[in-house]
Amino acid sequence: MAQSSIHDLESGKTKSMRDSTLLQMAKALGQPAEWLAFGNDPEIKIPVSPRQSKFEQDFLDDFRKLSGQEKKIVIRLVRSLTIDK
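Enquirer: Please explain the environment of Ala37 as it appears in this structure.
Expert: Tracing the chain through its elements places Ala37 in helix 3 (residues 33-38). With 18 residues separating them in the primary sequence, Ala37 and Asp19 have C-alpha atoms 9.5 Å apart.

Enquirer: Mind showing me how you'd approach helix 2 (residues 19-29) here?
Expert: An α-helix turns once every 3.6 residues. As a result, residues three or four positions apart point the same way. When we look at burial in helix 2, the residues that qualify are Thr21, Leu22, Met25 and Ala26. In a view along the axis of helix 2, the buried residues occupy a sector of 135°, so they form one face of it. Opposite the buried face of helix 2, by more than 90 degrees, sit the exposed residues Leu23, Gln24, Lys27 and Ala28.

Enquirer: Teacher, can you tell me more about the pattern of salt bridges here?
Expert: Scanning all chains against the criterion turns up 3 salt bridges. Here Lys54 ties to Asp58 by a salt bridge, and the two come within 3.1 Å at their closest N and O atoms. Separated by 4 residues within a single helix, Lys54 and Asp58 lie in helix 4 (residues 54-64), roughly one turn from each other. Across the salt bridge formed by Asp61 and Arg64, the nearest N and O atoms sit 3.5 Å from each other. With Asp61 and Arg64 both in helix 4, this residue pair falls 3 residues apart, about one helical turn. You'll find Asp61 and Arg64 in the same group, each marked buried.

Enquirer: Sorry if this is basic, but what is going on with the packing of aromatic side chains here?
Expert: With the rule as written, the count across this model stands at 1 aromatic pair. On the basis of an interplanar angle of 20° and a centroid distance of 6.2 Å, the ring pair of Phe59 and Phe63 is categorised as stacked. Here Phe59 and its partner Phe63 are both found in helix 4, 4 residues apart, which amounts to about one turn of the helix.

Enquirer: Can you walk me through the layout of surface pockets in this structure?
Expert: Vacant regions in the atomic arrangement are exposed by a probe of water-molecule size rolled over the atoms. Taken as a whole, the largest pocket spans an internal volume of roughly 460 Å³. When residues of the lining of the largest pocket are traced back to their parent elements, those giving at least two are helix 2, helix 3 and helix 5 (68-82).

Cut-off values and rules
Residues numbered from 1 in each chain as written. Predicted model: local features only at pLDDT ≥ 70, side-chain atom pairs only at ≥ 80, totals over all residues. Heavy atoms only, no water. Helix = DSSP H or I, 4+ residues; strand = E, 2+ residues; numbered from the N terminus. Buried < 20%, exposed > 50% of the residue type's maximum accessible area, 1.4 Å probe, protein only. Arc of directions from axis to C-beta. Salt bridge = Lys/Arg side-chain N within 4 Å of Asp/Glu carboxyl O. Phe/Tyr/Trp six-rings, centres within 6.5 Å; stacked < 30°, edge-to-face > 60°. 1 Å grid on protein atoms, 1.4 Å probe; cavity = no way out; pocket = protein on both sides within 12 Å on 5 of 7 lines; lining within 4 Å. Points joined across faces, edges and corners; volume = space filled by probe spheres on them.

By themselves, these observations are geometric and do not establish any function.
Structure, rendered in structure tokens:
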């Protein structure tokens, strides 16, 4: 990856990248692709908010265990269900 491309990612100028690029970066950095894509660590439990149900917390815990591609599918599905509401 070109240094200018890395700079654009770090500065927020680039908002997305191809899955193959993400996987290459994750491998080079020794980090999970999910961490790079979503900035979360599946091992870290986020405390339940008083306004968050157990179902929502369980859903988020399960969501964090999905691969990056699986997360994209779930997000598209949820968006498709909520677009008309």
